[in-house]
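Understanding the architecture of this molecule
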Amino acid sequence: MDEESRVDEAVRREEEIKAVAAQMNESTGLTWLWALLFGPIYFWVYGFVGAGFLAIFTQFLIIVNPILAYALWRKRARQKAELHLMMAKR
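Residues numbered from 1 in each chain as written. Predicted model: local features only at pLDDT ≥ 70, side-chain atom pairs only at ≥ 80, totals over all residues. Heavy atoms only, no water.

**Focus on the nonpolar core**
If you look at the biggest cluster of nonpolar residues, it comprises 10 residues: Ala35, Tyr42, Phe43, Phe48, Ala51, Ala55, Leu68, Ala69, Leu72 and Trp73. Those elements that provide at least two residues to this core are helix 3 (40-45), helix 4 (49-57) and helix 5 (64-88). Here this core takes 4 residues from helix 5, the largest share from any one element. Counting 6 residues, the second largest nonpolar core, distinct from the first, contains Ile17, Val20, Ala21 and Ala77. (Core = buried A, V, L, I, M, F, W, Y, C linked by side-chain atoms within 4.5 Å. Buried < 20%, exposed > 50% of the residue type's maximum accessible area, 1.4 Å probe, protein only. Helix = DSSP H or I, 4+ residues; strand = E, 2+ residues; numbered from the N terminus.)

**Here we look at the confidence of the model for the protein chain**
Predicted confidence across the protein chain gives a mean pLDDT of 80, with 94% of residues reaching 70 or more. Across the protein chain, helix 3 holds the top mean pLDDT of 87, while helix 2 (residues 31-38) sits lowest at 79. (pLDDT = per-residue confidence, 0-100.)

**Here we look at the pattern of salt bridges**
According to the stated counting rule, one finds 3 salt bridges in the structure shown. Salt-bridge contacts for Arg12 lead to Glu9; the nearest nitrogen and oxygen are separated by 3.1 Å. One end of the pair, Arg12, and the other, Glu9, are both in helix 1 (residues 3-24), 3 residues apart, so they sit about a helical turn from each other. Between Glu14 and Arg78 there is a salt bridge, with the nearest N and O atoms lying 3.0 Å from each other. You can see Glu14 sitting in helix 1 and its partner Arg78 sitting in helix 5, a full 64 residues away along the chain. Given the relative accessible area of 30%, Glu14 is considered partly exposed. The structure contains a network of salt bridges with shared partners spanning Glu14, Arg78 and Glu82. (Salt bridge = Lys/Arg side-chain N within 4 Å of Asp/Glu carboxyl O.)

**Thoughts on the packing of helix 2 against helix 5**
Viewed as axis vectors pointing N to C, helix 2 and helix 5 meet at an angle of 125°, and their least axial separation amounts to 8 Å. One way to sum up the angle between helix 2 and helix 5 is to call them oblique. For the pair helix 2 and helix 5, the crossing hand works out as right-handed. In this structure, helix 2 contributes Thr31, Trp32, Ala35 and Leu36 to the contact, and helix 5 contributes Asn65, Pro66, Ala69, Tyr70 and Trp73. (Axes fitted to C-alpha atoms, helices over the stretch in contact; angles between N-to-C directions. Parallel < 35°, antiparallel > 145°, perpendicular 65-115°, else oblique. Left-handed = near helix turned anticlockwise from the far one by under 90°. Contact = heavy atoms within 4.5 Å.)

**Let's talk about the packing of aromatic side chains**
Taken as a whole and judged by the stated rule, the model has 5 aromatic pairs. Between the aromatic rings of Tyr42 and Tyr46, the centroid separation amounts to 5.1 Å while the plane-to-plane angle is 55°, which identifies the pairing as tilted. Chaining the aromatic ring pairs together yields one cluster made of Tyr42, Phe43, Tyr46, Phe48 and Trp73. (Phe/Tyr/Trp six-rings, centres within 6.5 Å; stacked < 30°, edge-to-face > 60°.)

See the structure below:
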């Protein structure tokens, strides 16, 4: 396998992961509101335990929770997509 074909394969894999992750993203248009209103409880309910504790320590920076929520949902969707594609190739 030459260098160009490996790069092409990596680019294709990255695009495939992005496409599947977009479908698996479970955040809603109101994610920012729920994170803002419920703070750490919102994160704990959805399994983002570390983010819940971070939300407690950054509670005075109200804007952090909604931004953090969207980032965490995107990260979880990407992890699910990678796992899904890995299992599909077996």
